[in-house]
Amino acid sequence: MNDYQQKYIELKKQYEQSDGAADAVQALYEYKDFLKEQGTPEAQWVLVDVCETLELYKTAYETLRPLVTSEDKSALKHLGKLQSLQERGDHYALPRPKGGKEQARQAERLAALPHFRYHPNPLETKAFTETDTPMICDCCGKPVKIYYDGPFYAIDDIDCLCPECISSGKAAEKFNGEFQDEASLEDGVDDEEKLDELIHRTPGYSGWQQEYWRAHCGDYCAFVGYVGYRELKQMGIVDEILEDSMCNEWGAEPEEILKSLVNGGSVQGYLFQCLHCGKHLLWMDCD
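Residues numbered from 1 in each chain as written. Predicted model: local features only at pLDDT ≥ 70, side-chain atom pairs only at ≥ 80, totals over all residues. Heavy atoms only, no water.

## Notes on the sheet that holds strand 5 (residues 222–227)
Sheet strands pair via backbone hydrogen bonds, and the direction of the pair is either parallel or antiparallel. Inclusion rule: Here, strands pair whenever DSSP counts at least two bridges between them. Secondary structure counts use DSSP, requiring at least four H or I residues in a row for a helix and at least two E residues in a row for a strand, with both numbered from the N terminus. Comment: axis = line fitted to C-alpha atoms, over the contacting stretch for helices; angle = value between 0 and 180 degrees taken between N-to-C directions.
The antiparallel open sheet is built from three strands, whose spatial order is 5-6-7. Taken across any chain shown, the strands that pair with only one partner, and hence form the sheet edges, are strand 5 and strand 7 (280–286). Pairs of neighbouring strands in the sheet enclose a mean axial angle of 25°, with direction left out of account. Judged from the five bridges that link them, strand 5 and strand 6 (residues 267–273) form a sheet pairing that is antiparallel. Across the sheet, Gly-225 pairs through a bridge with Leu-271, a residue of strand 6.

Dropping the structure here:
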């Protein structure tokens, strides 16, 4: 056992004993960054284990693939397991807690984008795709490295929209489209300008079924991201979610329903937050 492995075992033990506490998750992410910088085979092998623990299956697969030889049957079996898991991508990994170098880098990238009131961090929610190879925006025709290819209800088949064309409303106007179905919004908002901003100038999110947008305090909420019970517990908002009157529609044991939520699983949670009182609200569906 080398020093890299020993450190990983210590961090994993802390993570398991803390029941997934934010500081333990952050420590694993920081160690992942450290291992990636080392660039040695010894570090890369341990990086695979760290990524698996964080459920970064795509990264784990891509890291392991160049390390495996045809003679190493155990590694080939491991690679096969990751190959099936990596189809989920890294989208449903353990969320990285606020702070750290990666969070600072993402904040810089986010600052360069237009601000979306009802979807404030489209990089974290993966509403926008980042690529090294420029894509051409279907609306303005400009090459972009951050683009949207999520839900957009229009007659035309749209593959790529830049953040600026969404924010300005040009994309919705040009293609006569909507980013959120007007019929799938929570009641309680009586303001045409707010409705226009949400459906015409806000990037949407992807659900198993028809996406639904929560509302509170007379306004539409901000979409925070995709969650399961694990993420809600890590954020410390399980009790807050259970206070929502919508939970009464789930049946006699709403917390048991919450416990069935798995980020990326068959029962998926979508987290929102009120822009005025800060309350967290949940929507969920199943495949």
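Picking up where we left off.
## Overview of the packing of aromatic side chains
Note the following rule: Whether two aromatic rings pair depends on their centres lying within 6.5 Å, for rings of Phe, Tyr and Trp, where Trp uses its six-membered ring; planes under 30 degrees apart make the pair stacked, over 60 edge-to-face, and the rest tilted. Partly exposed residues are those whose accessible area sits between 20% and 50% of the maximum for their type, while under 20% is buried and over 50% is exposed, using a 1.4 Å probe and protein chains only.
Within this structure, the stated rule accounts for 18 aromatic pairs. Pairing Tyr-205 with Tyr-226 gives two aromatic rings, centres 6.4 Å apart and planes at 70°, and the pair type is edge-to-face. Taken together, the positions of Tyr-205 in the loop between helix 9 (192–201) and strand 3 (215–216) and Tyr-226 in strand 5 put the pair 21 residues apart, joining distant regions of the chain. Tyr-205 gets classed as buried once you look at its relative accessible area, which sits at 2%. In textbook terms, an aromatic cluster arises when at least three aromatic residues are bridged by ring pairs, as seen for Phe-116, Phe-128, Tyr-148, Phe-152, Phe-175 and Phe-179.

## Brief notes about the pattern of salt bridges
Filter applied, for reference: Just to be clear on terms, a salt bridge is a Lys or Arg side-chain nitrogen sitting within 4 Å of an Asp or Glu carboxyl oxygen.
This structure, assessed with the given rule, holds 13 salt bridges. Arg-214 is paired through a salt bridge with Glu-186; the nearest N and O atoms lie 2.5 Å apart. You can see Arg-214 sitting in the loop between helix 9 and strand 3 and its partner Glu-186 sitting in the loop between helix 8 (170–175) and helix 9, a full 28 residues away along the chain. The burial state of Arg-214 is the same as that of Glu-186; both residues are buried. For Lys-279, the salt bridge goes to Glu-243, with nearest N and O atoms at 3.6 Å. Placement of the pair is Lys-279 in the loop between strand 6 and strand 7 and Glu-243 in the loop between helix 11 (238–242) and helix 12 (254–259), with a sequence separation of 36 residues. Taking relative accessible area as the criterion, Lys-279 reaches 15% and is therefore assigned buried.

## Details of the packing of helix 4 (residues 57–64) against helix 5 (residues 73–85)
Counted only if it meets this: Helix crossings are classified by the rotation of the near helix relative to the far one: an anticlockwise turn of less than a right angle makes the crossing left-handed, while a clockwise turn makes it right-handed. Residue contacts are counted whenever heavy atoms from the two residues lie within 4.5 Å of one another. Gly is placed with the polar residues, together with every amino acid not listed as nonpolar (Ala, Val, Leu, Ile, Met, Phe, Trp, Tyr, Cys and Pro) or charged (Asp, Glu, Lys and Arg).
At a minimum axis distance of 9 Å, the contact between helix 4 and helix 5 shows a crossing angle of 145°. Crossing angle aside, the handedness with which helix 4 passes helix 5 is left-handed. On helix 5, the residues that touch Tyr-57, Ala-60, Tyr-61 and Leu-64 of helix 4 are Ala-75, His-78, Leu-79, Leu-82, Gln-83 and Leu-85. Among the residues forming the contact of helix 4 with helix 5, the class breakdown is eight nonpolar, two polar and no charged.

## A word on the nonpolar core
So the rule is basically this: Residue types Ala, Val, Leu, Ile, Met, Phe, Trp, Tyr and Cys, when buried and joined through side-chain atoms within 4.5 Å, form a set referred to as a nonpolar core.
Among the nonpolar cores identified, the biggest contains 27 residues, and Tyr-31, Leu-35, Val-50, Leu-54 and Leu-82 are the most heavily contacted of them. Looking at this core, the elements that each hand over two or more residues are helix 1 (3–17), helix 2 (22–38), helix 3 (41–53), helix 4 and helix 5. Setting aside residues up to four positions removed in sequence, Val-50 forms contacts with Tyr-8, Leu-28, Tyr-31, Lys-32 and Leu-35. If you look at the next biggest cluster of nonpolar residues, it comprises 21 residues, including Leu-123, Cys-137, Cys-160 and Leu-161.

## Section: helix 9
What counts here: Counting of polar contacts relies on pairs of N or O atoms within 3.5 Å, with two restrictions inside protein: one atom must be capable of donating a hydrogen and the other of accepting it, and residues adjacent in sequence are counted only when both atoms are side-chain atoms.
Within helix 9, the full set of buried residues consists of Leu-195, Glu-197, Leu-198, Ile-199 and Arg-201. Packing partners of the buried residues in helix 9 comprise helix 7 (163–168) and strand 4 (219–220). Of the residues flanking the start of helix 9, the one acting as N-cap is Asp-191, its side-chain oxygen 2.9 Å from the backbone nitrogen of Glu-193.

Without other data, these values stay purely geometric and don't point to any function.
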